Structure formats: C-alpha cells, structure tokens
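# Fold and contact review
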Amino acid sequence: MLCRTWPFPWQHQLTGIASEWAVEFPGYLAGAIEAAELGVSRYLALKALAST
C-alpha cells in the first residue's frame, strides 16, 4: 500500500483523546484513559510553548 502525506490544514493540529487513539489498549476503557492522559499532556505542553 502506498502511503502519501497530504498537506491538510489540520495536519499536526489534532490530538485524539478517545480509546481508539490509544497505543496500548485501543477500544477499551484503559485505552481511553491512556489517550486522554496523552492528549492533556500534549495540550499543556503546547500551551506552555505558546506562552513563552
């Protein structure tokens, strides 16, 4: 399968925080918690970068 990178305006702008976005437990409650923790961490990191 050929994978292409398209220049979408939302590329690198979205962070998934649902269980389907989890690395270790996708589709399960543990995955939802994992994805939410990663999403909030990313948001806080980006917010800190923007304020400096």
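Residues numbered from 1 in each chain as written. Predicted model: local features only at pLDDT ≥ 70, side-chain atom pairs only at ≥ 80, totals over all residues. Heavy atoms only, no water.

## Structural notes on the side chain of Ser-19
- Of note, Ser-19 is situated in the segment before α1 (29-50).
- Residue Ser-19 is classed as buried on the basis of its relative accessible area of 12%.
- Reaching out from Ser-19, the side chain makes a polar contact with the side chain of Glu-20 at a distance of 3.4 Å.
- Beyond its immediate stretch of four places on either side in the chain, Ser-19 contacts Phe-25, Pro-26, Gly-27, Tyr-28, Gly-31 and Ala-32. (Helix = DSSP H or I, 4+ residues; strand = E, 2+ residues; numbered from the N terminus. Buried < 20%, exposed > 50% of the residue type's maximum accessible area, 1.4 Å probe, protein only. Polar contact = N/O pair within 3.5 Å; in protein donor to acceptor, adjacent residues only side chain to side chain. Contact = heavy atoms within 4.5 Å.)

## Quick notes on α1
- Across its 22 residues, α1 extends 31 Å between first and last C-alpha, which sits within 8% of the 32 Å expected from 1.5 Å per residue.
- Among the residues making up α1, those that are buried are Gly-31, Glu-34, Ala-35 and Gly-39. The arc enclosing the buried residues of α1, seen along the axis, measures out at 125°, which places them on a common side. In α1, the exposed residues that point more than 90 degrees away from the buried face are Leu-29, Glu-37 and Lys-47. (Expected span 1.5 Å × (residues − 1). Arc of directions from axis to C-beta.)

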